[in-house]
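# A closer look at the structure
Listed below, chain by chain, are the residues.
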Amino acid sequence: MKTRIEHILPLHKITTHSGLNLYIADYKNFNIGDVVLIENEPSDIKCVHLSNPNSVRACFDGFKENALPIRRGYYSSQCECVIFPENCDREEWVLFIETKYANNREAAFNEIRDYPNQMTSQIIETVKYFRQKGIIEPSKKVHAIVSFPNLVEEFNSTIFRGDLSIEDILFNHKIIIRGTNNAHIISDKRIKLTSN
């Protein structure tokens, strides 16, 4: 998969990590920075945490603005990043992550902002792009996290309402999606999306 991304999206920079803990943070609205994966929990920003007790070597592609070109001047909607095992091909897991840094539950679920649907749509569009470009197979099930890093309470049960339930997203898009700030990398072939 790494080779396919590098061939199709040559401007992307993929890094490899095997730390026991992996932290994904989006610094865009914090200091106009990038989406990063680091192995020590930062003190300046909340993040998505991936525990990695077996030190699985994982590749990380943090998307910059307009990272998924369709044609000149047009870009696909996108999430923050994709993570996958270093030797990822057919059987291994693939994880897409989208974050919103709402400061409280009211802001996170504000109907005008519509973050839950916006986040889910960004994940679906990114996965669709990767399928259309042949980076991942059309029939492959992938994993996705939609995250509110600043919220400490459970929010999975309130994200997927209306037209797009967890079951609909799995059936229609082959995406195993959860609203959480945590996941557990078990092996190259298994990842578990955990609750907060």
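Residues numbered from 1 in each chain as written. Predicted model: local features only at pLDDT ≥ 70, side-chain atom pairs only at ≥ 80, totals over all residues. Heavy atoms only, no water.

### Section: the overall build of the protein chain
Of regular secondary structure, the protein chain possesses 6 helices and 13 strands. Computed over the C-alpha atoms, the radius of gyration of the protein chain is 16 Å, within 12% of the 16 Å expected from 2.2 N^0.38 for a compact globule of 196 residues. Taking the principal axes of the C-alpha coordinates as reference, the protein chain spans close to 40 × 35 × 35 Å. Across the protein chain, contacts joining residues at least 24 apart in sequence account for 64% of those joining residues at least 6 apart. Summed over all atoms, the accessible surface of the protein chain reaches about 10,200 Å², with 47% contributed by carbon and sulfur. For the protein chain, the distance from the average site of its 24 positive side-chain charges to the average site of its 25 negative ones is 5 Å. (Helix = DSSP H or I, 4+ residues; strand = E, 2+ residues; numbered from the N terminus. Rg over C-alpha atoms; globule rule 2.2 N^0.38 Å. Contact = heavy atoms within 4.5 Å. Areas by Shrake-Rupley, 256 points an atom, 1.4 Å probe, with all protein chains shown as cover. Lys, Arg positive; Asp, Glu negative; His and termini not counted. Charge placed at Lys NZ, Arg CZ, Asp CG, Glu CD.)

### Observations regarding the pairing of strand β12 (residues 182-185)
Pairing of strand β4 (residues 48-51) with β12 involves 3 bridges; the strand directions are parallel. What sits directly across from S51, in β12, is H184. Bridge count for β12 against strand β13 (residues 191-194) is 4 bridges, and the pairing is antiparallel. Among the inter-strand pairings, I185 is bridged to a residue of β13, identified as I191. What sits between the antiparallel neighbours β12 and β13 is a turn of 5 residues. (Pairing = 2+ DSSP bridges.)

### Focus: the nonpolar core
Counting residues in each nonpolar core, the largest one holds 39 residues, and the members touching the most others are M1, F96, F130 and F148. Looking at this core, the elements that each hand over two or more residues are β8 (81-85), α3 (105-108), α4 (115-132), β10 (142-147), α6 (166-173) and β11 (175-179). Here this core gets 7 residues from one element, more than from any other, and that element is α4. Core analysis: the next-biggest nonpolar cluster, separate from the first, contains 19 residues, L22, V48, I145 and I185 among them. (Core = buried A, V, L, I, M, F, W, Y, C linked by side-chain atoms within 4.5 Å. Buried < 20%, exposed > 50% of the residue type's maximum accessible area, 1.4 Å probe, protein only.)

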